[in-house]
Every structure is written in structure tokens, then in C-alpha cells.
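Here is how the chains run, residue by residue.
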Amino acid sequence: MSGRLHDPVEFELFRNAVFAIADEMALTIHRTTYSAVLKDNMDYSTAFCDPQGRLVAQGLTLPSHLGSIPEALAAVMRRYGDDMQEGDVFVLNDPFEGGMHLPDIFLFQPIFVDGERVAIAATICHHTDVGGRVPGSNASDSTEIYQEGLRIPPLRLYARGVPNETLHMMIERNVRVPVMVFGDLRAQLAACRIAERAFQDIVTRYGIDATRFYMNELLDHAERLTRAALRDLPDGEWSFEDHIDDDGVEVGKPIPLRVRVEKRGDRMVVDWTGTSPQVKGAINNTFSFTRSAAYCAIRSILPANIPNNEGYFRAIEVIAPAGTVAHGVLPAACAARGLTGFRMVDTLFGALALMLPDRVGAAGDGGNIGVSIGGWTEQRKPFIYVDFTCSAWGGRPFADGLDGNSHMFANMASPSIEVTETEQPIQITEYEFLPDTMGAGQFRGGAPFRRTYRFLETEGVLQVRADRRAFLPFGLYGGQPGAPSMNSLTRDGVREALPSKFCITLRRGDLFSLDVPGGGGWGDPLERDPQAVLADARNALVSTEAAARDYGVVIGAGWVVDAAATEALRAARRAGRGAMPTIIRDRAA
């Protein structure tokens, strides 16, 4: 078959069939998994790769895994590329050989037709526990990878369909909740089996030669669309700097994230040179996760019809020097690396906002905040609760930030309160939006929430990774920063403020409260529609005092806008200030 697309209709049918396989894999995991972090948070991804290991289609799952699956599969291909057999399944989680952090376990199954490898099914799931010093294996105050849990290099989990009993026993002995872990591994296996049957049907329908051609064409098609979209963007260079408050070990020491975006013609470079050296705490990124952050942020400014596959990656170069927080090397701890990856997306949005001020929003809550509570019951049964919390988007050039919505990088859901209280020794006593916490703007930031947990067991371990306490979610073009995060513990009626990252012991009756940061605002708050301010006030998101203070809107008796007083107040405010800044990056007091 020639290098030209012979039948565009058939190609479109093929494209949708392959992407449907990846989506069906995702739904299979959702239906069959055991743990709440998968069935509720949905912290997993599925994908479909060609026989050379190139990502062809990603399922209905996390953008944060866009750059990780090719990196992990490349590690498997280096070891087993010429020695993959029908019935083999490969596993890995090593952050320094293709993985991201230890709870994320990859499974890859090569797919064969008539003895020839024709594709590879890929799944990645965040597992509830992989051992280590704390339940959940997610502590931000670990200082080296060896404290974080079981480290699995690329290995065969199954060889020609036969389980590797040694590896199974090794995993079973090193995790706190083996029933949960192996239940979730079986869900990943089920998704791979679904992919195997579905793709074999595709080969039967199209034939092996057409299948190979269309797989290559899917990658080339995505590359053409990406490069065409990039050519429509302005050429130039844009830089931005943000900070993580600290790493939870060297408290109070800011960690700079510096990015330079260069766009020339149909190519873009994202360069993290100048970002902080890797840190002691467990927030160091793997390079694959840094790549994912770049792919996600840039993907958000491109047309929606571009497939998520390796063809899209070809037009984007990502640079992150080894030994930095953007590209950790041994023995870097990385269990809480999600915090850095999410903040990298926001940092990139700062640079892209300078490039495209009418298309990019302000900073969101800086997601996602990780909360893990684990321990042993009085009957010596293990329990582990894992929740990754997001809430507030930044204000956008055309609309307010979303309220109570996952960060773009995660696409996760909040766990059910009822299921949590049924399965865990935890009671959720508060889950509510916080008033006067959104960054004011012509389009305000999204509303964050507070969640409070009452601990019901004798003793347990609480680990939290949060941020945006000192460096607030930035506003754009006159928009104000969002409110900071806050953690607190109430014990025996006494409330104590906690740092943003910590690991402590809980006792029965303790109340832990988490306040998510608010999204930054976009545009001049004095240009906001007074009726929109009134609607927020009626919904208890903005107090009448904040309406006047932040927006110059006077709400009178009967919950109506006093138009004359509002006009006068806004005129006085405008007369007393200078030009609006492009970006507001205040530090919290």
C-alpha cells in the first residue's frame, strides 16, 4: 500500500474504532476495579500502541499520563522488544526506568495475530498502596526513593499466559492491602484482554497490511494537524516563573519553576532550564511527567480534533535538565510528584497567556491536593483512604473559572461521601464552597471548597501534600490572586493550623480540615457585570462586603444592585489607581 491515504472514509472509521478500544479499556477498569482511588477518583489511563511501542490512541482518562505511557513502554521495549511472546504481560513502576512514581503501576500486553505482534495494549493505575514507610505510599516528606515502597523494573508478570509466581509473591508480601492491589491489577488485565479481542477483530476486518498503514497514518495525521495549528500561532519567545512554597522538608524555602516557550513555524520548544535543582522532599518530577505537563498545556490551546498520540508529540520538544525538580535522578523521592506536575501546567499557562492573552486563563487551585489516611483497625485489618482533590479553575478571558471542578491535568472525580463513610473509618462532616476566596476579576476565579474528615479508628497516619499557601494562584490582566490553601487539625476542641505538607498521627475523634486554594481572576474586577456579582452574592459565594470591596458593586436592601452607588464607587476606584498589571503574583501575608 502506498504512503498516501487511499480511502478517507475508511480511515475515519478505522480511527474511531481504535480510539473506541482505548475508551472501552478505560470503562472496563472503571467497572471492575476494587479501590476507590480508581473507581471514584479515576486515577488511571488506558492506551493503545503500535507494535513498535508508539502511542496511537489514549482513552477517556488522564492528560497527566500523556507522556508517561510511551516512556514506560520504551523501557519495556529496550529489555524485551525482540523477546515478546503471545500471552506475555509486562509490569513496571520504577520512576527511573520509565515510570512516574511507585503507586502508578503500568501493565503492557503485546497483541498477536497469526504469530505476529500487531499492537500493544497499555494501562496505568494508581494503586492504593505499594509499601514503604507510610500507608498509601504517598508521603511528601520522604527523602529518597528507597523509603517510598516496592520498586519494580520492567518484568514479566505473565510469561506465555503463565503467572510469574515469584513476582506475584514479592508484590503480595510488600503491600498493605494485597486484595485491593491484586484486584486492581486484574482490572488492568481485563482491560488488556478486551483490547486484544477488539484489535484482532479490526485486523480481521481490514487485513494486516491496511491495519499497519492506518496505524502509521494515525500518527502522521496527528502530526500534520498539530503542525498546521502551530503555524497559525504567533512566533516568538515567552517566559514565566512561579514557585512552589517548599518541599515539606526544608520548610519555607521556595522552589522556583521557570519555563521558556519558543514557537517558530510549526514547532514549539518548552524549556525548563533554570528550574530548581531536585529537592529533598518527595515532589521531584520524572521527565515523563514533565513532558506530560507540557503536552497538556499546549494541547489546551490547539483545536480539539487533534488525536492524542505520538504524532502530536513530534512537533513539541521538551527540555528539562537532569538533576532538577523537573527531571529527578537517583535517589530522588517522587511519591508526591503530582504537586509539581500540576504546578508546571499553571506555570506554562502563565507563559502561554503572554502569547495568547485572549485564550488562556489565570491560575487554578494548583491541584491536586493529596490526602491519605491509613492504619490498622483494632482487629488488625489494614485500611487506606486515598483522595486527590481539585476544585477551582482560574478565570478565563471569556468566562468565570469553573467551581468544584478537577484540574485540567487530572480529569479526576471526587469520591462519594457515602461510599467513603461505608468503606473507611472516616466521617465527612463538611464539604462546602468557601465564600470570598475566588480571585476577583472581570471573570472571577473558580470557587474552592472545604472538606473536613472525622477520624473514627483508634489510631492512623494522615499524610497531606498541598501548596499555594505562600505563593497564591496568580491572576491575569488585572485579575486578583485566589485565596491560599489551609490545613488544620482539631483535637479535644483545640484547633491547630498545620503546614501545607506533613505526615502526622491521628487519634479517634480528630477533625482534619482542608481548604483548597481559590482560582485567580481574569481582567479588571471593576469591569465585571454587577448582575454577575449579585448572583454570586445570592449564592453565598461573595459577601456583600466583598462585592463592594473587590468589585465596587453596592448591593442594597432586597438583594438588588444599587446602580447609582455602584457607578459612583467604581468611578472613585478607577480614579485612584494606575494601569492594570498583566499578571498579579502576590505572596500571601
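Look up: the structure comes first, before these words.
These figures come from a predicted structure and were not determined experimentally.

Student: Help me understand helix H3 (residues 68-80) in this model?
Tutor: Side chains that are three or four residues apart share a direction in an α-helix, a result of its 3.6 residues per turn. For H3, spanning 13 residues, the distance from its first C-alpha to its last is 18 Å, which sits close to the expected 18 Å at 1.5 Å a residue. Considered for burial, the residues of H3 that qualify are Ser68, Ile69, Pro70, Ala72, Leu73, Ala75, Val76, Met77 and Tyr80.

Student: What's the story with the pattern of salt bridges in this structure? I'm lost.
Tutor: Oppositely charged side chains may form a pair once their charged atoms are brought near each other. Enumeration according to the criterion identifies 48 salt bridges in this entry. In this structure, glutamate 317 engages arginine 267 in a salt bridge whose closest nitrogen and oxygen atoms are separated by 2.2 Å. Remark: arginine 267 occurs in strand S10 (residues 267-271) and glutamate 317 occurs in strand S11 (residues 316-319); sequence separation between them is 50 residues. Owing to a relative accessible area of 32%, glutamate 317 belongs among the partly exposed residues under this scheme.

Student: Explain the side chain of arginine 468 here, please?
Tutor: Among the secondary structure elements, arginine 468 is positioned in the loop between strand S16 (459-465) and strand S17 (475-476). Here the side chain of arginine 468 touches phenylalanine 471 through a polar contact of 3.2 Å, landing on its backbone oxygen.

Student: For this particular structure, what's the right way to read the sheet that holds strand S21 (residues 511-515)?
Tutor: The strand order S14-S15-S21-S18-S19 describes an open sheet built from five strands, whose pairing is antiparallel. With partners counted over all chains shown, the strands left at the sheet margins are strand S14 (426-433) and strand S19 (494-498), one partner each. In this sheet, neighbouring strand axes are inclined to one another by 20° on average, regardless of whether the strands run parallel or antiparallel. The pairing of strand S18 (residues 486-491) with S19 spans five bridges and is antiparallel. Its bridge partner being in S19, threonine 490 is matched across the sheet by arginine 495.

Student: Would you explain the packing of helix H4 (residues 165-174) against helix H5 (residues 178-206) in this entry?
Tutor: Two quantities define a packed helix pair, namely the angle between the helix axes and the distance between the axes. Relative to each other, H4 and H5 sit at 135°, their axes nearing to 8 Å. As far as their axial angle goes, H5 and H4 are oblique. The crossing of H4 and H5 is right-handed. Two secondary-structure elements touch here, H4 through His168, Ile171 and Glu172 and H5 through Pro178, Val181 and Phe182. In terms of residue class, the contact of H4 with H5 is made up of four nonpolar, one polar and one charged.

Student: Before we go on, may I ask you to explain the nonpolar core in this structure?
Tutor: As a rule of thumb, soluble globular proteins bury nonpolar side chains together. In this structure, Phe48, Ile69, Phe108, Ile171, Phe199, Trp272 and Leu302 are the most contacted members of the largest nonpolar core, which totals 135 residues. The greatest single-element share of this core, amounting to 12 residues, is contributed by H5. Not counting the four nearest positions on each side in its chain, leucine 302 is found in contact with Thr226, Ala229, Leu230, Leu233, Tyr312 and Arg359. In this structure, Ile373, Ile426, Leu498 and Leu514 belong to the second largest nonpolar core, which totals 20 residues.

Student: I tried to follow the sheet that holds S11 on my own but got confused; where do I start?
Tutor: Strand pairs in the sheet, formed through backbone hydrogen bonds, run parallel or antiparallel to each other. Ordered in space as S8-S9-S10-S11, the four strands form an open sheet in which the pairing is mixed. The sheet is open, and its two borders are formed by strand S8 (236-244) and S11, each paired with just one other strand. Averaged over all neighbouring strand pairs, the angle between strand axes comes to 15°, with direction disregarded. Packing of helix H9 (residues 338-355) onto the sheet brings it into contact with S8, strand S9 (255-264) and S10, and relative to S8 it is tilted by some 145°.

Conventions we followed
Residues numbered from 1 in each chain as written. Predicted model: local features only at pLDDT ≥ 70, side-chain atom pairs only at ≥ 80, totals over all residues. Heavy atoms only, no water. Helix = DSSP H or I, 4+ residues; strand = E, 2+ residues; numbered from the N terminus. Expected span 1.5 Å × (residues − 1). Buried < 20%, exposed > 50% of the residue type's maximum accessible area, 1.4 Å probe, protein only. Salt bridge = Lys/Arg side-chain N within 4 Å of Asp/Glu carboxyl O. Polar contact = N/O pair within 3.5 Å; in protein donor to acceptor, adjacent residues only side chain to side chain. Pairing = 2+ DSSP bridges. Axes fitted to C-alpha atoms, helices over the stretch in contact; angles between N-to-C directions. Parallel < 35°, antiparallel > 145°, perpendicular 65-115°, else oblique. Left-handed = near helix turned anticlockwise from the far one by under 90°. Contact = heavy atoms within 4.5 Å. Nonpolar A, V, L, I, M, F, W, Y, C, P; charged D, E, K, R; others polar. Core = buried A, V, L, I, M, F, W, Y, C linked by side-chain atoms within 4.5 Å.

Limitation: the analysis is restricted to geometry and does not speak to function.
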